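# Summary of structural features
If you want the building blocks of each chain, they are given just below.
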Amino acid sequence: MRSITIAAPALMLGYGIARWIDGWDGSRHNGPAWTIGHTMFFLAMVLFAVQAAGLARLARDRLAIAVPALAATVFGAACFLWVIVGDLFSGFDHPLPSLLENFGPALFVIGMVTLLALQSAGRRLPWWSPAAFLIGFVATSVDLDLLPFAAALILVGSVPVARGVFATPRRELLI
């Protein structure tokens, strides 16, 4: 789970860089950078959903909050994935309804921030880790060109999750 926690924002960072590269010619669409970037973003969203399941499992004492937060995260991730598939495959002519296109990503963010905040409330994460995730995703909604910076912020906020929440207990050395 530790590697997933770092890989998801790292893939998102890769998507942001690929998006920048794709825009160097003045347009964005249907090139290698577009395809690579969107594939990275697809994988990132899948990994974020897996991470959310792990966070919800660790919040056993707050299942009344964790389960709906997990459902929101997974549903929001599915909305992202639907749009990404539409971007990658022109033959996929089934656009997400506008209501879901607008609120699905928000559900993803609210769910993930809630799951991270539960870990923070349990003193397993610093307060700034869920804040970094929230600020990073808010930045992308302001301007997608901020995606590499936002992903880097989310990556920094994910380090305590990987090192603390999902850390493997150390075995005592037998001397």
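Anyway, here's the lowdown on the structure attached to this text. A quick note: this is a predicted structure, and the numbers were derived from the prediction, not measured. (Residues numbered from 1 in each chain as written. Predicted model: local features only at pLDDT ≥ 70, side-chain atom pairs only at ≥ 80, totals over all residues. Heavy atoms only, no water.)

### Points about the nonpolar core
Nonpolar side chains tend to gather and get buried jointly when the protein is soluble and globular. As a reminder of what qualifies: What we call a nonpolar core is a set of buried Ala, Val, Leu, Ile, Met, Phe, Trp, Tyr and Cys residues that are connected through their side-chain atoms within 4.5 Å. Only protein chains enter the accessibility calculation, which uses a 1.4 Å probe; a residue is then buried when its area is under 20% of its type maximum, exposed when over 50%, and partly exposed in between. The helix count covers DSSP runs of H or I at least four residues long, the strand count covers runs of E at least two residues long, and both are numbered beginning at the N terminus. Note on contacts: a residue pair qualifies if any of its non-hydrogen atoms lie within 4.5 Å across the two residues.
Counting residues in hydrophobic clusters, the biggest one holds 36 residues, and the most contacted among them are Met12, Met45, Phe48, Phe108, Phe133 and Phe137. Only α1 (2–22), α2 (32–58), α3 (63–88), α4 (98–121), α5 (128–142) and α6 (147–165) provide two or more residues apiece to this core. In terms of residue count, α2 provides more of this core than any other element does, 9 residues in total. Apart from the residues within four sequence positions on either side, Phe137 is in contact with Met12, Phe48, Phe80, Phe108, Val109 and Ile154.

### Considerations on the pattern of salt bridges
Any two side chains of opposite charge can pair, on the condition that their charged atoms come close. Put simply, the test is: Throughout this description, the term salt bridge denotes a Lys or Arg side-chain nitrogen within 4 Å of a carboxyl oxygen of Asp or Glu.
Counted under the stated rule, the structure contains 1 salt bridge. Here Arg19 makes a salt bridge to Asp145, at a shortest N to O gap of 2.8 Å. Here the residue Arg19 occupies a position in helix α1, and Asp145 occupies one in the loop between α5 and α6, the gap between them amounting to 126 residues. The exposure class assigned to Asp145 is partly exposed, which follows from its relative accessible area of 30%.

### Observations concerning the side chain of Gln51
If you trace the backbone, Gln51 turns up in helix α2. On the basis of relative accessibility, which here comes to 2%, the residue Gln51 falls in the buried class. Not counting the four nearest positions on each side in its chain, Gln51 is found in contact with Met1, Ile4, Thr5, Met112, Leu116, Val161 and Phe166.

### Thoughts on the environment of Ala49
For Ala49, the location among the structural elements is in helix α2. A relative accessible area of 17% means that Ala49 is categorised as buried. Linking Ala49 and Thr140, residues 91 residues apart in sequence, is a C-alpha distance of 18 Å. The residues touching Ala49, leaving out its near neighbours within four places in the chain, are Val74 and Ala77.

As far as function goes, none of this settles anything; it's purely spatial.
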